[in-house]
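Residue-level listing of the chains:
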Amino acid sequence: MIAIFTVGLAPVVALMSFFYLKDEYTEPIPLIVRSFLLGCLLVFPVMFVQHAFVKEGFVLNNFLTSFFQVAILEEFLKWFIFMFSMYHHEEFDDHYDGIVYAVAISLGFASVENILYLLTNGIEYAFSRAIFPVSSHALFGVIMGYYFGKAKTRVSRTRFNLGLAFFIPFLLHGIYNYILQSVSSNWIYYLIPFMIVLWIFGLHRMKIANQPDLN
């Protein structure tokens, strides 16, 4: 049990530290912890809704499952929690701040999801889970936070950027899940290029968010 919690949380701590330390003006740790815990709590309504789909006998194809049973539910709840808990907070006063808090929410969700998966399926999946699901959740958080930061720090196109804060992570999350759902063998050959592109996209957004003169 201790081993599973350790390996389940290790990539979460590493990723959160990486994104946090890239912030030129570091955010208060209690706020990051609060965002993380709120992300942890999101797992349970998601599990309830997805269980209800199964219980009611809804049979969806791979596309609908990937985009509308998983991606839209998870990314909308993350988006909603950010809007509810952080968007109007006084500490959210810089473009990169959006990335820090959105990543915290996303990694909170990913940490509980990861531990539950390892408890059910075994510790041998810890490495692949760290490379793919945990990292992808963090990067979806980077992209969501980038557009939240853009909405907060720009005086124009606020609603448009708030919409992108939800839509782009939803779209990328749906594609990620669709690869896993629809490719029965050799899925890694599709997922690795996707993850490389996702990392490049996320790191580029981080770089822009840390350069106020280019925002």
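Report follows, based on the coordinates. Bear in mind the structure is a predicted one, so any value in this text is a computation, not a measurement. Counting of residues starts from 1 at the beginning of each chain's written sequence and follows it residue by residue. Side-chain atom pairs in this predicted model are given and counted only at pLDDT of 80 or more, local residue features only at pLDDT of at least 70, and totals for whole chains, interfaces and linings cover all residues. Water and hydrogen atoms were dropped before computing side-chain values, which therefore reflect all heavy atoms in the structure.

Structural notes on a nonpolar patch on the surface
Piece 1. Surface patches are drawn from residues lacking salt bridges whose relative accessible area is over 30%; two like charges belong together within 9 Å, two nonpolar side chains (Val, Leu, Ile, Met, Phe, Trp, Tyr) within 5 Å. Areas reported as accessible are Shrake-Rupley estimates using a 1.4 Å probe. Residue values count occlusion only from the protein chains shown. In what follows, salt bridge is the name for a side-chain nitrogen of Lys or Arg lying within 4 Å of a carboxyl oxygen of Asp or Glu. A cluster of nonpolar side chains, Met1, Phe5, Leu9, Val13, Leu41, Phe44, Met47, Leu116 and Leu119, forms an exposed patch at the surface whose accessible area comes to about 840 Å².
Piece 2. The helix count covers DSSP runs of H or I at least four residues long, the strand count covers runs of E at least two residues long, and both are numbered beginning at the N terminus. Mapped by element, the contributors of at least two residues to the nonpolar patch are α1 (2–21), α2 (29–55) and α4 (95–121).
Piece 3. Among the secondary structure elements, leucine 116 is positioned in helix α4.

Overview of the pattern of salt bridges
Piece 1. One pass over the structure, following the stated rule, counts two salt bridges.
Piece 2. Its salt-bridge partner being glutamate 75, residue lysine 78 comes within 3.1 Å of it at the nearest N-O pair. Here the residue lysine 78 and the residue glutamate 75 both occupy positions in helix α3 (residues 62–85), the gap between them amounting to three residues, near one helical turn. Per residue, the accessibility class of lysine 78 equals that of glutamate 75, and both read buried.
Piece 3. With a closest N to O distance of 3.9 Å, arginine 129 and glutamate 113 form a salt bridge. Of the two residues, arginine 129 is situated in helix α5 (residues 126–153) and glutamate 113 in helix α4; the sequence distance between them amounts to 16 residues. For every residue, the accessible area (1.4 Å probe, protein chains only) is compared with the maximum for its type, and the residue is labelled buried under 20%, exposed over 50%, or partly exposed between those bounds.

Take it as geometry only, folks, not as evidence of what the structure does.
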